[in-house]
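Here are the chains, one letter per residue:
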Amino acid sequence: MNNLQYNANRDPEVYRRCANENFRIQVLLDGTGQANCKIADVTGKVVAEKTVSLPGTFTHEISFPTPGIRVVTLSVDASGEKFSQDLRLDVMEHAWIG
């Protein structure tokens with residue numbers, strides 16, 4: 001997997017949105033064959049799942065109706081390899097003023 005857009009060292013504003021604003025999760029995948037990509041919430045419920053032809057891109061937009069901290073898990077399974085990463089998404093009640 002090349003170029004996972006999530007970067008814990010990036011400016012935290014990238015992972016903050018107001019309620020009902022979309023977060024975009026994108027994974028650029030290299031290789032040949034097929035990759036199964038999915039996003040699951042903390043209960044294990046699959047929020048999004050897609051099979052991507054390689055090389056290819058998995059993209060999903062997600063929003064939350066109420067403020068709070070959400071954790072979703074991105075999983076990619078391709079060519080016998082598995083990758084999983086937890087993504088922390090901060091949902092604010094309203095935009096910062098100033």
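Figured I'd write up the structure that's included with this text. Counting starts from 1 at the beginning of each chain's written sequence and moves along it residue by residue. It should be noted that, the model being predicted, local features are given only for residues of pLDDT at least 70 and side-chain atom pairs only at 80 or more, the latter also being counted only at that level, while totals for whole chains, interfaces and linings use all residues. As a rule here, side-chain values cover all heavy atoms of the structure and leave hydrogens and water aside.

On to the pattern of salt bridges. When their charged atoms lie close together, side chains carrying opposite charge are able to pair. Think of a salt bridge as a Lys or Arg side-chain nitrogen and an Asp or Glu carboxyl oxygen that are within 4 Å of each other. Taken as a whole, this structure holds 2 salt bridges when the rule is applied. In this structure, Arg16 engages Asp90 in a salt bridge whose closest nitrogen and oxygen atoms are separated by 3.9 Å. Of the two residues, Arg16 sits in strand β2 (residues 16–18) while Asp90 sits in strand β6 (residues 81–92), which places them 74 residues apart along the sequence. With a shortest N-O distance of 2.9 Å, Arg88 and Asp90 are connected by a salt bridge. The exposure class assigned to Arg88 is partly exposed, which follows from its relative accessible area of 45%. Overlapping salt bridges, with partners in common, bring together Arg16, Arg88 and Asp90 in one network. A run of H or I in DSSP becomes a helix once it reaches four residues, and a run of E becomes a strand once it reaches two; helices and strands are each numbered from the N terminus. Only protein chains enter the calculation, and the probe is 1.4 Å; a residue is then buried if its accessible area is under 20% of its type maximum, exposed if over 50%, and partly exposed in between.

Attention shifts here to the environment of Asp86. Inspection of the secondary structure puts Asp86 in strand β6. Separated by 11 residues in the primary sequence, Asp86 and Ser75 place their C-alpha atoms 8.8 Å from one another. Polar side-chain contacts of Asp86 include one of 2.7 Å to the side chain of Thr73. Polar contacts, as used here, are pairs of N or O atoms within 3.5 Å; protein pairs need one atom able to donate a hydrogen and one able to accept it. Residues neighboring in sequence count only if both atoms are side-chain atoms.

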